[in-house]
Amino acid sequence: MELVINGELIHVPDHIRTIADLLVHFQLNQKIAIVEVNAHIVQKQEYETTALCNGDRVEIVHFVGGG
Amino acid sequence: MNERYSRQELFAPIGKEGQANISAKHVLIVGAGALGTGNAEALVRAGVGKLTMIDRDYVEWSNLQRQQLYSEDDAKARLPKAIAAKQRLAQVNSEVEVEAIVGDANVDELQRIAAETKPDVIIDATDNFETRMIINDVSCKYGIPWIYGACVGSYGISYTFIPRKTPCLHCLLETMPVGGLTCDTAGIISPAVQMVVAYQVAEALKLLVGDEQSLRGKLVSFDVWNNQHTAIRVDQVKKEDCPSCGTNPTYPYLSYEMQTKTAVLCGRNSVQIRPAGKREYDLPQLADLFAKQGLRVETNPYLVSVSLGEHRLVVFRDGRALVHGTKDIQEAKTIYHRYLG
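All figures in this text were calculated on a predicted structure; none of them were measured in a lab.

K.L.:
Whenever I open this one, the packing of aromatic side chains confuses me. Can you help?
P.N.:
To describe a pair of aromatic rings, one takes the distance between the centres and the angle between the planes. According to the stated counting rule, one finds 7 aromatic pairs over all chains in the structure shown. Taking the centre distance of 6.5 Å and the plane angle of 65° together, the rings of Trp146(B) and Tyr148(B) count as edge-to-face. Here Tyr148(B) falls in the buried class, since its relative accessible area comes to 0%. Each residue in the set Phe63(A), Phe129(B), Trp146(B), Tyr148(B), Tyr159(B) and Phe161(B) is aromatic and connected to the rest through ring pairs, giving one cluster. In this structure, Arg132(B) packs its charged tip against the face of Phe129(B), placed 5.1 Å from the ring centre.

Dropping the structure here:
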């Protein structure tokens, strides 16, 4: 499947079906992130159930602490 | 009247009126590390009326690569960061009143500063979420905007929190992030710092001149090494029942229960630290993270022990930690936040 992630067209492996899968793929599942799909923010409890479709525009911002 | 601010006054959204506003305002910067020194230098050059800086740490050699106000002399003298920053800032612009506080940005101190000195804007230049949650509650309680900034590696993030308008940090995070990824474990390059500083200072100037319409309004993040940039509008995340900014706020991070508890352990040259809120560490993952930094790690099912020169940090699953090799609570807290965020 191809997704536009943070503005960049990225091919992701076929086993990725949900936002939860995508966050594991990018090793962001242990972090606190805000995820937007097609301009709508997805609630954390919906990560497991929100299916991604070819061409979806996904924005991911994860929080870090350093400064 | 000299030409000092002429180029800033020629910039139409500021102008002479904006400059007069800037010179009448007070900014509080929490933290005097990379983000704190960058923000401080820019705001002092811009002619802010008063700047308060608070930091508990002293200058070390490993700071000089990115903490722009400090020199080799400061590191040699192990000067407290707030003091070294104030000295340099006085050379940069003697017209600005700079108050340096060498101390812990804890609940009592931040509330005191908010109530007594009434800053117009708070800039977050801390390195941990515990302090940010306190800043967030102080901001909500006293109605002071604050500008979150953070960076690790080549990545950075920023957001401007406006009480009663935007969601607050508590709305965005729900729970406090835990993890071992800090500048001291994952490294940091100065362009990531400077980019966050640029975002923070631009937003601060908009607030100081009263141009709220021009605020970005989005959570922004970028990676200057992997060439990414993204911004998300997060307004819809604001929660009416948020305990920090909702309709019936309790400001939970200003309460005693949510503060880090420390205790010097008698006769053991150790300090125990019990962090605020609930934490749950994945110990094998934490051990792995420390090992990747080349640190000597020992682990068992209950704890991770890591050697740090003359100190040893022992972390339990619930976030409680022992810092061995010191009786100094501030030093122990600094070590704790450095390695655990």
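That covers the picture; the talk isn't over yet.
K.L.:
What should I look at first to understand empty space enclosed by the protein in this one?
P.N.:
If you roll a probe as big as a water molecule over the atoms, it shows you where there is empty space left. Under the defined criterion, the tally for this structure stands at 3 cavities of 30 Å³ or more. By volume, the largest cavity amounts to about 90 Å³. Contributing to the lining of the largest cavity are 13 residues, with Ile41(A), Val42(A), Gln43(A), Lys44(A) and Val237(B) lying nearest its centre. If you list the elements that add at least two residues to the lining of the largest cavity, you get strand S3 (33–37) of chain A together with helix H8 (169–173) of chain B. The biggest single contributor to the lining of the largest cavity is S3(A), with 3 residues. Its residues placed into classes, the lining of the largest cavity shows 9 nonpolar, 1 polar and 3 charged. As a volume, the second largest cavity reaches approximately 40 Å³. As for the second largest cavity, its lining consists of 13 residues, and the residues nearest its centre are Cys140(B), Ile162(B), Pro163(B), Pro167(B) and Cys168(B). Ranked by residue count, the leading element in the lining of the second largest cavity is helix H7 (residues 129–142) of chain B, at 3 residues.

K.L.:
Would you mind showing me how to read the domain arrangement of chain B here?
P.N.:
Bring the parts together and some accessible area is lost; that lost area is often taken as the interface size. What the domain assignment reports for chain B is domain 1 (6–254) and domain 2 (260–340). A straight line from the C-alpha centre of domain 1 of chain B to that of domain 2 of chain B covers 27 Å.

K.L.:
How do you make sense of the pairing of strand S12 (residues 303–308) of chain B when you look at a structure like this?
P.N.:
Where a strand is regular, its side chains alternate between the two sheet faces. All names here are of chain B. In terms of burial, S12 is a largely internal element, 6 of the 6 residues being buried. Of the two faces of S12, the one carrying Leu-303, Ser-305 and Ser-307 and the one carrying Val-304, Val-306 and Leu-308 are both buried. Relative to S12, strand S11 (residues 296–300) is paired through 5 bridges, and the arrangement is antiparallel. What sits directly across from Val-297, in S12, is Val-306. Taken together, S11 and the strand that follows it, S12, pair antiparallel across an intervening segment of 2 residues. As judged from the 6 bridges shared by S12 and strand S13 (residues 311–316), these two strands associate in the antiparallel manner. Paired with Val-304 across the strands is Val-315, a residue of S13. If you look at the hairpin formed by S12 and S13, you'll find 2 residues sitting between the two strands, and Gly-309 has a positive phi there, around 60°.

K.L.:
Sorry, what's going on with the pairing of strand S6 (residues 155–161) of chain B here?
P.N.:
All names here are of chain B. Burial of S6 is extensive: 7 of the 7 residues sit out of reach of the surface. Where burial is concerned, the two faces of S6 agree: the one with Tyr-155, Ile-157, Tyr-159 and Phe-161 and the one with Gly-156, Ser-158 and Thr-160 are both buried. Here strand S5 (residues 146–152) runs beside S6; their pairing, made up of 7 bridges, is antiparallel. Across the sheet, the residue bridging to Val-152 is Tyr-155, located in S6. The antiparallel pairing of S5 with S6 creates a hairpin that spans 2 residues between the two strands, and Gly-153 there sits at a positive phi of about 60°. Strand direction decides the pairing type here: S6 and strand S7 (residues 218–223), joined by 4 bridges, are antiparallel. Within S7, the position partnered with Ile-157 by the bridge is Ser-221.

K.L.:
Before we go on, may I ask you to explain the sheet that holds strand S1 (residues 2–5) of chain A in this structure?
P.N.:
Sheet strands pair by backbone hydrogen bonding; their relative direction is either parallel or antiparallel. Residues and elements named next belong to chain A. Across the sheet, which stays open at both edges, the 5 strands sit in the order S2-S1-S5-S3-S4 with mixed pairing between neighbours. Across the chains shown, the open sheet's two edge strands, defined by having one partner strand only, are strand S2 (8–11) and strand S4 (40–41). Here 5 bridges tie S3 to strand S5 (residues 57–62), and the two strands are oriented antiparallel to one another. Considered in S5, the bridge of Ile-34 is made with Val-61.

K.L.:
Explanation requested: the interface of chain A and chain B in the structure shown.
P.N.:
Across the boundary between the two partners, chain A contributes 18 residues, which contact 37 residues of chain B. Of the roughly 2,300 Å² buried between chain A and chain B on both sides combined, carbon and sulfur atoms contribute 59%. The largest contributions to the chain A side of the interface with chain B come from Phe63(A), Val64(A) and Gly67(A), which together make up 27% of the buried area. Counting every contact that joins chain A to chain B gives 7 residue pairs in polar contact (both at pLDDT 80 or more).

K.L.:
I'm lost on the sheet that holds S13(B) in this one. Help?
P.N.:
Residue and element names in this part refer to chain B. Ordered by their spatial adjacency, 6 strands build an open sheet running S9-S10-S14-S13-S12-S11, and the pairing between neighbours is antiparallel. Of all the strands in the sheet, just strand S9 (261–265) and S11 have a single pairing partner and so form its edges. When the angles between neighbouring strand axes are averaged without regard to direction, this sheet yields 15°. Inspection of the sheet shows strand S10 (residues 270–274) paired to strand S14 (residues 321–324) by 4 bridges, in the antiparallel sense. Within S14, the position partnered with Ser-270 by the bridge is His-324. Against the sheet, helix H11 (residues 283–292) engages S11, S12 and S13, with an angle of about 15° to S12.

Cut-offs used in this document
- Residues numbered from 1 in each chain as written.
- Chains lettered and ligands numbered in written order.
- Predicted model: local features only at pLDDT ≥ 70, side-chain atom pairs only at ≥ 80, totals over all residues.
- Heavy atoms only, no water.
- Phe/Tyr/Trp six-rings, centres within 6.5 Å; stacked < 30°, edge-to-face > 60°.
- Buried < 20%, exposed > 50% of the residue type's maximum accessible area, 1.4 Å probe, protein only.
- Lys NZ or Arg CZ within 6 Å of the ring centre and 35° of its normal.
- 1 Å grid on protein atoms, 1.4 Å probe; cavity = no way out; pocket = protein on both sides within 12 Å on 5 of 7 lines; lining within 4 Å.
- Points joined across faces, edges and corners; volume = space filled by probe spheres on them.
- Helix = DSSP H or I, 4+ residues; strand = E, 2+ residues; numbered from the N terminus.
- Nonpolar A, V, L, I, M, F, W, Y, C, P; charged D, E, K, R; others polar.
- Domains from an automatic or database assignment.
- Pairing = 2+ DSSP bridges.
- Contact = heavy atoms within 4.5 Å.
- Buried area = accessible area lost by both parts, 1.4 Å probe.
- Polar contact = N/O pair within 3.5 Å; in protein donor to acceptor, adjacent residues only side chain to side chain.
- Axes fitted to C-alpha atoms, helices over the stretch in contact; angles between N-to-C directions.

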